[in-house]
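# Notes for the structure review
Next come the chains, spelled out residue by residue.
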Amino acid sequence: MDPFTMAAVLSAVDTATSGALSGAAGEMGRRTTEGLAGLVRRMRRRDEDPADPAPMGPDGPGLPPAAPTGADERRALAELLVEQARREPAFARDLAAWLRETDLLRDTALPSAAVVAPRLLPPGTAAFTDREHVLASVTALLDGTDGAAAPADGYGHAGAPRVVALVGPGGVGKTATAVHCAHALAERFPGGHLYTDLRGESAATAVTPSGTLVRFLHSLGVPADRVPADEEAQAGLYRERTAGRRLLVLLDNAHSASQITPFLTAAPGSLVIVTSRHRLPELVRDHGAHPIPLGPLSEADSVRLLSRIAGPERFAAQRPHAEAVAARCGGIPLALCETGARVAVREHLSWESLEREFAALDAGPVHGSGPDPDRGPATAGDDAVQRTTDLSYRDLTPEAARLYRLLGLRPWPDIPVGAAAATADITDAEARALLDDLAAVHLLEEVGEERYHFHDSVRRHAERRTDAEDSREARTASVRRALTWYLRFAAAADARVIPGRWHLGPAYAEPPGPDDRTPESARAALADLRRERENLAEAVRAAEEYGFDELAWQLCEALWGLHLRLGFHEQWVATHLRGVEAARRCASAFGDRRAEGRMRTQLAFAYMGLARPSDAEDELTAAAAADQRAGHRRGQATAVESLGLLYLRQWRYEDAENRFRQAQGVLRGIAPGEDGAQDVPRALALLEHHIGRALRGQGRTAESVRHLHQALARFQELPRRDGYNEARVRMSLGETHLAAADPAAARTALDEALAVMEAEGAVLQQADAAELRARCAADLGDTADEVRHLRLARVLYEKSGDSGAMARLDARLADLDVT
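Residues numbered from 1 in each chain as written. Predicted model: local features only at pLDDT ≥ 70, side-chain atom pairs only at ≥ 80, totals over all residues. Heavy atoms only, no water.

### Things to note about the overall build of the chain
Across its full length, the chain carries 37 helices and 8 strands. Long-range contacts, defined as pairs at least 24 residues apart, comprise 71% of the intrachain contacts of the chain with a sequence gap of at least 6. Accessible surface, the chain as shown: approximately 33600 Å² in total, 51% of it carbon and sulfur. (Helix = DSSP H or I, 4+ residues; strand = E, 2+ residues; numbered from the N terminus. Contact = heavy atoms within 4.5 Å. Areas by Shrake-Rupley, 256 points an atom, 1.4 Å probe, with all protein chains shown as cover.)

Written out as structure tokens, the structure is:
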């Protein structure tokens, strides 16, 4: 039987060249892709060799000059590989080994879907009232007693989950009802519970699915470096990870069906609960969603909820007036909660006085009422919330009222204490006390430790009050203070994530100290940036809208470590497109002329992650030109170096080498004391490493080894030794010697790399080096040494939580008959 079936080879080529491994299997994925490039290089040498008795010749489709990008190019390459293997036994053996490695990596690159069962539901409320008909409807739907035929397992239909859509106006209690139902049904879904707020109160605030898909995949146990960059691939991986699970997904505050579709699993045992102000007819038509409209509470339930919030004793003391106040709230739970909270915190406020306040309010204009062009005409529920919110606002102290108004200036996803303090130009302690006061009367909701959130109807009221009461200058100054706080926060965290990189902008004036250069510090800083990710994206939008161009591009600069480590590519592109335009405006208005090149270079890396190499090349070319115009040689060198790295990914090894040498020339032109001069020695060392890799890709082994040794010497001469990159060079030496069939020389380099990575605490890189070291042992025929290093790599991957790599190593150990 022919082992090189077209289907098997095409599948492997597609895996290695379509981007599936570029960010989804770490260094092993890179080496698998480079392994394919090596096979192509061997075919090319034979094709060009006139002594070859059967070259691929001019009559065939020809070898690709670079990594194939389309389906037709990948199929043509697969056909050439199969043909060469049938003609040459040695090539056939190497192709078979590459196919085994690729298949194993593809099958084990991700942890088992059953490993993690996330529990992301927010807490419910003790004051929840009524809506039992909703729980009954959802339960009937799951049990097949709603009149619809149910499959044998009692859940959903083949290939489709059950979908429920709770639809109603703002403030009617959709979220509380959905969370209540989810908790009540949670035990039915052992596969996990997912939750997200899609922020769909308007088209402007609605989030794209990509960022949430990344979060969900992380929660489902997919490591950050295994998550694809583009949304379609993320949705596919999400469906794969959720297949066969009984999963409950709560999608809160959706604006459109397009926001929801990527989260619909293919598992019939799952339940998806959606809340929205919109009817979402496409969801009903295309996915069989079961709509449940939510209207105002009944008079009896309104009285019951108000009594629970204010306290039964206070309610009973003036029951007729309290019932009249409940009626004034229009059956809207948010309005009832705000009103009940006012009574609860004001010991001497009587229901009779409150009823008179409502009557006076109804006789005049309501602060913050009226149509909103972004949301359409106000509903009765909106009016009820605006009335009760206005009464609560009147009770606030001047300090609390000012903070409330200024926080409403932007639709922040949530509000940390520090940002609130900056917004109002007060201390953290003062902000903390005022935020507690606002939460006590339901004008803010506390959604985490020292983190707060506006209901969008309440924020609309706050926004209108600040328009009426605060000057334009005061509002602008408040937003600038908030953005400056976020910039300082993000720059300080980013400097700890990648301490060795060069930074641009005054926010990085103070370098991180020794305690901030540890792996633990880097992980904590990355977690901080991830927590504020959506707020930082909103900060970039606000900077653009207010014309704070210097802040806009600096915020993008401070997001570099977050995006480089965790992805979120759709947000990365969106923010950095704004950053590019802000930087261009700065350059034409006596701002920092270096910023445009920096923004374009970072944007190019986002495009690389999204497998858009043409866009990346355009941005890097423009970045180099912008930095040359600005006289910023350090930035120009980075842009040219990045072009070389792009060409490495595309197997354009000669082009890559030329770009790396060009970057060296630019760096050598930087005079002492010039911007970036202190970084030149390290940058030259990195470029020597890159040149060594580009030469290896061309099959120029001796030159590659020479440049890699030069890179090693340069790193060792740095005033501050860079052990991590020294070890990376040694690993490249090991790979180069292995590619040249010299496992003994590779063993020496990799043993040195292993020792340095252990000293540096770089667990994943140490594991990768151990895998390479096992390959050396295998090539040398030393099975015991191979097993020892495979086991070492497995221990290290276990320490880092990479269950996909552990499964891959288990399979290799099993092939060696080792248990």
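The rest of the description comes next.
### Some words on the sheet that holds strand S6 (residues 415-416)
Strand order in this open sheet of 3 strands is S6-S8-S7, and the pairing throughout is antiparallel. At either end of the open sheet lies a strand with only one pairing partner, and these are S6 and strand S7 (445-448). Of the pairings in the sheet, the one linking S7 to strand S8 (residues 451-453) comprises 3 bridges and is antiparallel in character. Pairing of Glu-445 across the sheet is with His-453, part of S8. (Pairing = 2+ DSSP bridges.)

### Some remarks on the environment of Arg-308
In this fold, Arg-308 is placed in helix H11 (residues 299-310). For Arg-308 and Ala-126, which are 182 residues apart along the polypeptide, the C-alpha to C-alpha distance reads 9.0 Å. Leaving out residues up to four positions away in the same chain, Arg-308 has contacts with Ala-127, Phe-128 and Thr-129. A distance of 2.7 Å separates a polar atom in the side chain of Arg-308 from the backbone oxygen of Phe-128. (Polar contact = N/O pair within 3.5 Å; in protein donor to acceptor, adjacent residues only side chain to side chain.)

### Observations concerning the environment of Tyr-797
Within the element layout of this structure, Tyr-797 appears in helix H36 (residues 783-800). Between the C-alpha atom of Tyr-797 and that of Leu-809, which follows or precedes it by 12 residues, the distance is 9.5 Å. Once you skip the residues sitting within four places of it in the chain, Tyr-797 turns out to touch Leu-764, Ala-767, Asp-768, Glu-771, Asp-802, Ala-805, Met-806, Arg-808 and Leu-809. A polar side-chain atom of Tyr-797 sits 2.8 Å from a polar atom in the side chain of Glu-771.

### Quick look at helix H17 (residues 398-407)
Counting buried residues along H17, 7 of its 10 residues qualify, which places the element largely inside the surrounding structure. Ala-400, Ala-401, Leu-403, Tyr-404, Arg-405, Leu-406 and Leu-407 are the residues of H17 that are buried. (Buried < 20%, exposed > 50% of the residue type's maximum accessible area, 1.4 Å probe, protein only.)

### Let's talk about the side chain of Ser-478
On the secondary structure map, Ser-478 appears in helix H21 (residues 472-497). Beyond its immediate chain neighbours, meaning those up to four positions away, Ser-478 contacts Leu-406, Leu-409 and Thr-423.

### Digging into the nonpolar core
Here is a general trend for soluble globular proteins: nonpolar side chains tend to be buried in one another's company. Membership of the largest hydrophobic core comes to 201 residues, with the highest contact counts inside it found for Leu-81 and Tyr-238. Those residues in contact with Tyr-238 that lie beyond four places of it in its chain are Leu-194, Leu-213, Phe-216, Leu-217, Leu-220, Leu-247, Val-249, Pro-262, Phe-263, Leu-264 and Thr-265. Grouped together as the second largest cluster of nonpolar side chains are 24 residues, Ala-727, Leu-754, Cys-776 and Tyr-797 included. (Core = buried A, V, L, I, M, F, W, Y, C linked by side-chain atoms within 4.5 Å.)

### What to know about the state of the cysteines
The full count for this structure, using the stated rule, is 0 disulfides. Of all cysteine sulfurs, the one in Cys-329 lies closest to Cys-337, which takes part in no disulfide; the gap is 9.5 Å. (Disulfide = S-S within 2.5 Å.)

### Structural notes on the confidence of the model for the chain
In this model, the chain carries a mean pLDDT of 87, and residues with pLDDT of at least 70 account for 89%. By mean pLDDT, the top-scoring element of the chain is helix H18 (residues 417-424) (98), and the lowest-scoring one is helix H2 (residues 26-48) (73). A low-confidence stretch, residues 20-25 stays under pLDDT 50, and its non-local contacts, those more than four residues away or across chains, total 16 contacts. (pLDDT = per-residue confidence, 0-100.)

### Focus on the pattern of salt bridges
Inspection of every chain in the model, using the stated rule, returns 53 salt bridges. Ionic pairing is found between Arg-600 and Glu-596, a salt bridge with its closest N-O pair at 3.0 Å. Of this pair, Arg-600 and Glu-596 are both found in helix H27 (residues 595-609), 4 residues apart, which corresponds to roughly one turn of the helix. Summarising the burial analysis for this pair, Arg-600 and Glu-596 share the class buried. Residues participating in the shared-partner salt-bridge network are Arg-342, Arg-346, Glu-357 and Asp-395. (Salt bridge = Lys/Arg side-chain N within 4 Å of Asp/Glu carboxyl O.)

### Considerations on the sheet that holds strand S1 (residues 162-167)
With parallel pairing, the 5 strands of this open sheet are ordered in space as S2-S3-S4-S1-S5. In this open sheet, the two strands that pair with only one neighbour each are strand S2 (192-197) and strand S5 (290-293). Averaged over all neighbouring strand pairs, the angle between strand axes comes to 15°, with direction disregarded. When S1 meets strand S4 (residues 271-276), the two strands line up parallel, connected through 6 bridges. (Axes fitted to C-alpha atoms, helices over the stretch in contact; angles between N-to-C directions.)

### A few points about unusual backbone geometry
In the Ramachandran plot, Leu-280 falls in the positive-phi region, its phi being about 55° despite a non-glycine side chain. Within the secondary structure, Leu-280 is located in the loop between S4 and helix H10 (281-287). We classify Leu-280 as buried; its relative accessible area is 4%. Even without a glycine there, the phi angle at Phe-568 is positive, about 55°. Position of Phe-568 among the secondary structure elements: in the loop between helix H25 (560-566) and helix H26 (569-588).

### Overview of the packing of helix H30 (residues 653-668) against helix H31 (residues 680-697)
Packed helix pairs are characterised by how far apart their axes lie and by the angle those axes make with each other. One way to put it is that H30 packs onto H31 with a least axis distance of 9 Å and a crossing angle of 165°. Classified by the interaxial angle, the pair formed by H30 and H31 is roughly antiparallel. Crossing hand, H30 versus H31: left-handed. Residue-level contacts link Tyr-653, Ala-656, Glu-657, Phe-660, Arg-661, Ala-663, Gln-664, Leu-667 and Arg-668 of H30 to Val-680, Ala-683, Leu-684, Leu-687, Glu-688, His-690, Ile-691, Ala-694, Leu-695 and Gly-697 of H31. Considered class by class, the residues forming the contact of H30 with H31 number 12 nonpolar, 3 polar and 4 charged. (Parallel < 35°, antiparallel > 145°, perpendicular 65-115°, else oblique. Left-handed = near helix turned anticlockwise from the far one by under 90°. Nonpolar A, V, L, I, M, F, W, Y, C, P; charged D, E, K, R; others polar.)

### Some remarks on the packing of aromatic side chains
Applying the stated criterion across every chain, the model contains 12 aromatic pairs. Taken together, a centroid distance of 6.2 Å and an interplanar angle of 80° make the contact between Tyr-238 and Phe-263 edge-to-face. Here the residue Tyr-238 occupies a position in helix H8 (residues 231-242), and Phe-263 occupies one in the loop between helix H9 (257-260) and S4, the gap between them amounting to 25 residues. According to the relative accessible area criterion, Tyr-238 is buried, its value standing at 0%. With centroids separated by 5.8 Å and ring planes inclined at 25°, the aromatic side chains of Tyr-546 and Phe-548 adopt a geometry described as stacked. Here Tyr-546 falls in the partly exposed class, since its relative accessible area comes to 27%. The exposure class assigned to Phe-548 is buried, which follows from its relative accessible area of 7%. (Phe/Tyr/Trp six-rings, centres within 6.5 Å; stacked < 30°, edge-to-face > 60°.)

### As for a negative patch on the surface
On the surface, a cluster of negative charge is contributed by Asp-436, Asp-437, Glu-446 and Glu-449. Mapped onto the elements, Asp-437 comes out in helix H19 (residues 428-440). (Patch = residues over 30% accessible without salt bridge, like charges linked within 9 Å, V, L, I, M, F, W, Y side chains within 5 Å. Lys, Arg positive; Asp, Glu negative; His and termini not counted. Charge placed at Lys NZ, Arg CZ, Asp CG, Glu CD.)

### Some words on the packing of helix H24 (residues 549-558) against H27
At their nearest, the axes of H24 and H27 sit 10 Å apart, and the two run at 40° to each other. On the basis of their axis angle, the class for H24 and H27 is oblique. Like other packed secondary-structure pairs, H24 and H27 cross with a definite hand, here left-handed. Contacts between H24 and H27 pair Trp-553, Cys-556 and Glu-557 from the former with Ala-595, Arg-598, Met-599 and Gln-602 from the latter. When the residues that make up the contact of H24 with H27 are grouped by side-chain class, the tally is 4 nonpolar, 1 polar and 2 charged.

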